Amino acid sequence: MLNHGLNWPANYNAVPKEVFVREDVYALELERIFRGPEWHLLGHESEIPEPGDFKTIDLADVPLLFSRGSDGVVRVFYNSCSHRGTQLETAPSGNASRFQCPYHRWVFGNRGELIGCPQHEGFTPGFRREDYPLAQPRFELFGGLIFVSLSADAPALEAFLGDARQHLLESIGGGRPLQLLGYQKARYDCNWKAIIDNDGYHPALLHVALRMIGWAGGKGEFGIDPVRGHRLASSEIGAPQNNGFLADPSLVTTPGGEAAVRFSGVTLFPACTSAPHFGTTNLRFYIPRGVDRTDVHFAYFGFADDPPEVRQHRTRQVSNLLGPGGLISLEDAAMFHRVQIGSHTPGNATFQKGVRDPIALPTESAQNEEGGNAVFWEYYRKVLGFGRSRA
Amino acid sequence: MITLDSADLLALDRLSAACSDAIDRRDMKAWLATYSTRPEASYICNTRESVESGRDVAFVLDDCRARLEDRVTFVEKVWAGSFQKYQSRHIAQRITAHRTGEDTFATTSNFAVFFTPEETGLTTLFGTGVYEDVVVREAGSLRLLSRRAILDSTLISRYFVYPI
C-alpha cells in the first residue's frame, strides 16, 4: 500500500486530520470513491412523479439528469449532449418532453433517445441517430431510492447495501408511497467526511434544544455494516411533553398526535443519510465541491396518502426543525465548519465514546456513541490505499 | 382610489429600516417589535426555486406570532454559544408600495445581505432577493403583519442564525 506521505495511526479510533484538508487526498477520493466502485444515493423517484418530470444533480463534479420518461420509467443520464458534451439541462427540476442542446440544436426525448440533429446530411458516413442517445451511468432503484455508480466494477446494489437494506426501507416509511414536500439546500464550508463522521455521542451535548424542550432520544438498536461501515440506528422515539418552553409546541409534535414514532436512521458509505424525524422522511444528498466545500440537499417527503393537514404539519415542522437554520440542526453545520478549520492542525482526531478496544475494529456500537465510525474509516483507508502504522 | 402620501412612504421605509437595523445589531427583541402582535403575524424565508415550483418547505416558516416569539428564543437561548459569530448587513430598496386599506399596505423591496464571519473577517454576499411585505398600522405605528423573504439563491452559504 502507498501512504502518500500520510501516516495512518495504528489505533482504529484515530483518524489523521489531514484527510479533511489535503487536496491530493480529495483528488484521490474523487477517483476511487466518487468515480469508483461505490453507489451514491442522489434521489427518490417521488421527486419526479409525473411523466416528463426531471431533476438535475451532480455526483461530485459529474452532472446528471434524472428523468421520468413519457413511458413512466425513471432513468438516469449524464447531463451532457451526446454530440459535443455540452451541458444539456440547466434547471434544477421541471417537466419536459424533450431536451434540446442549444449549441447545435440536437434534440433528445425524455427517454434519452436522439430525436433530431440538424443538417445531418453532411455527417460522418454511416451516422445513425440510434447510436447517439444520451449516455447513462449505472443506476438502480431500491424502494424508489435512486442510486448511481460511475463504475462498472461496483457490486450489485443489494450486495453494496448488505444489512442496511431493511433499515433503509424502514427509514422511508416501509414501502408507503412518498410525496415530495420540498428541499433546503446549503453549501457547507467543510469536507464531505466532516459531515458523514457525525456521531451519536454529540446530540444531547450539542443540541441543547433537546434538553430544553424535554425531548429525550429513545434507547434503541444500533448496527454497523462490517464491510463499508454503513450505520443503522432504530428506536421508538416519543414526542416531548409540552413544558412551555416553546410558544408554539406544534414544532415538536407527531403528525397524527401519536405518543411515539419509529425512528430508523441510516448513514451509508460514502455519503448518504436517511434520517426521518417525527415520521417525515428526510434524505440528505451530499455533493462534494472541493476539499473544503460540500453541498447538502435536504429533501423532505410525506406520504402520498397524507391528509392536507398532515402534509401542512410536516412542512411547517421540517422547515423550522431541520436544515441549515433548523432548531436541532443548525449547530451541526457550525461544528462541521469548526472541524474543518481545526483539521489544519497536526495530529489525529480520536474517538473515545464507546471505544472498547482501540486496536480492534469494532463490531458493535450504541446509539449514543462514536466508536462505530471506525468501520467507515477502515474501509475508507483501504479504498484510498493508506497503509496503517504498526501498533 | 386609495393613494399613498409621502408620510406613508417615509413610515414604510422607517419600518423596513428598523427591521434591518435590529437584525444587523443582533437584537432579536427589537426585530420582534417590528412585527404585529396579531396571532397571524408571520415571517417566511424561502428560495425562489421553491416558490416557483410550488413547494412550501422553507428555511424559516414562522407562520404565526408564537413562532416569531420562538425564533427569539432559538437565537437567544438555544443556539447561543454554538455558532460562529457573524455580522450581517442588510441593504433594502423599496420597489413597490400600495395602500390596500385604511391602515394596511403592501410593499415589495429588493434586498442584499452581506455576511462577515468573525473567524475570517472576510465580507461576502450572503444572498439577494425580494421582500414581500404586508404592513398594518397598530396603535399609531406601522408593523409587519407578514414578511416573505424570497432568496434568489438556490442554496445558501453555510447556515444562518438571524432572520434575513
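Residues numbered from 1 in each chain as written. Chains lettered and ligands numbered in written order. Predicted model: local features only at pLDDT ≥ 70, side-chain atom pairs only at ≥ 80, totals over all residues. Heavy atoms only, no water.

### Some thoughts on the overall build of chain B
Okay, step 1: Scanning chain B for helices and strands turns up 4 helices and 7 strands.
Okay, step 2: Computed over C-alpha atoms, the radius of gyration of chain B comes to 16 Å, within 12% of the 15 Å expected from 2.2 N^0.38 for 164 residues, which places it in the range of a compact globule.
Okay, step 3: Here the C-alpha coordinates of chain B stretch approximately 50 × 30 × 30 Å along the principal axes.
Okay, step 4: Taking all contacts inside chain B whose residues are at least 6 apart in sequence as the whole, residues at least 24 apart take part in 59%.
Okay, step 5: Accessible surface, chain B as shown: approximately 7,100 Å² in total, 52% of it carbon and sulfur.
Okay, step 6: Looking at charge distribution, chain B has the averaged site of its 20 positive side-chain charges lying 3 Å from that of its 23 negative ones. (Helix = DSSP H or I, 4+ residues; strand = E, 2+ residues; numbered from the N terminus. Rg over C-alpha atoms; globule rule 2.2 N^0.38 Å. Contact = heavy atoms within 4.5 Å. Areas by Shrake-Rupley, 256 points an atom, 1.4 Å probe, with all protein chains shown as cover. Lys, Arg positive; Asp, Glu negative; His and termini not counted. Charge placed at Lys NZ, Arg CZ, Asp CG, Glu CD.)

### Observations concerning the confidence of the model for chain B
Okay, step 1: Per-residue confidence for chain B averages 96 on the pLDDT scale, and 99% of its residues sit at or above 70.
Okay, step 2: What the predictor reports for the complex is a pTM of 0.96 with an ipTM of 0.96. (pLDDT = per-residue confidence, 0-100.)

### As for the packing of aromatic side chains
Okay, step 1: This structure, assessed with the given rule, holds 30 aromatic pairs over all chains.
Okay, step 2: With a centroid separation of 6.2 Å and an interplanar angle of 90 degrees, the aromatic rings of B:F83 and B:Y162 are classed as edge-to-face. In this pair, B:F83 sits in the loop between α4 (65–78) and β3 (86–101) while B:Y162 sits in the segment after β7 (156–157), placing the two residues 79 residues apart along the sequence.
Okay, step 3: The class of B:Y162 is buried, set by a relative accessible area of 8%.
Okay, step 4: Arranged with centres 5.6 Å apart and planes meeting at 75 degrees, the rings of B:Y86 and B:Y162 form a pair that is edge-to-face. Of the two residues, B:Y86 is situated in strand β3 and B:Y162 in the segment after β7; the sequence distance between them amounts to 76 residues. For the pair shown, B:Y86 and B:Y162 are each scored as buried.
Okay, step 5: Site record: aromatic cluster; members linked through ring pairs are A:W8, A:F20, A:F34, A:W192, A:F269, A:F376, A:W377, A:Y379, A:Y380 and A:F386.
Okay, step 6: Note that A:K185 overlies the ring of A:Y183, its terminal NZ or CZ placed 5.0 Å from the centroid. (Phe/Tyr/Trp six-rings, centres within 6.5 Å; stacked < 30°, edge-to-face > 60°. Buried < 20%, exposed > 50% of the residue type's maximum accessible area, 1.4 Å probe, protein only. Lys NZ or Arg CZ within 6 Å of the ring centre and 35° of its normal.)

### Things to note about a nonpolar patch on the surface
All names here are of chain B.
Okay, step 1: On the surface, I91, F114 and L125 cluster together to form a nonpolar patch covering roughly 270 Å² of accessible area.
Okay, step 2: Along the chain, L125 falls in strand β5 (residues 124–138).
Okay, step 3: Look at L125 and you get partly exposed, because its relative accessible area is 48%. (Patch = residues over 30% accessible without salt bridge, like charges linked within 9 Å, V, L, I, M, F, W, Y side chains within 5 Å. Salt bridge = Lys/Arg side-chain N within 4 Å of Asp/Glu carboxyl O.)

### So, the sheet that holds strand β15 (residues 260–268) of chain A
Okay, step 1: Ordered by their spatial adjacency, 8 strands build an open sheet running β13(A)-β14(A)-β15(A)-β16(A)-β17(A)-β18(A)-β12(A)-β7(B), and the pairing between neighbours is mixed. Sheet topology places β13 (221–224) of chain A together with β7 of chain B at the edges, where each strand pairs with a single neighbour.
Okay, step 2: In this structure, β13(A) lies alongside strand β14 (residues 231–238) of chain A, joined through 4 bridges in antiparallel fashion. Residue A:E221 lies in a different strand from β14(A), and its bridge partner there is A:S234. (Pairing = 2+ DSSP bridges.)

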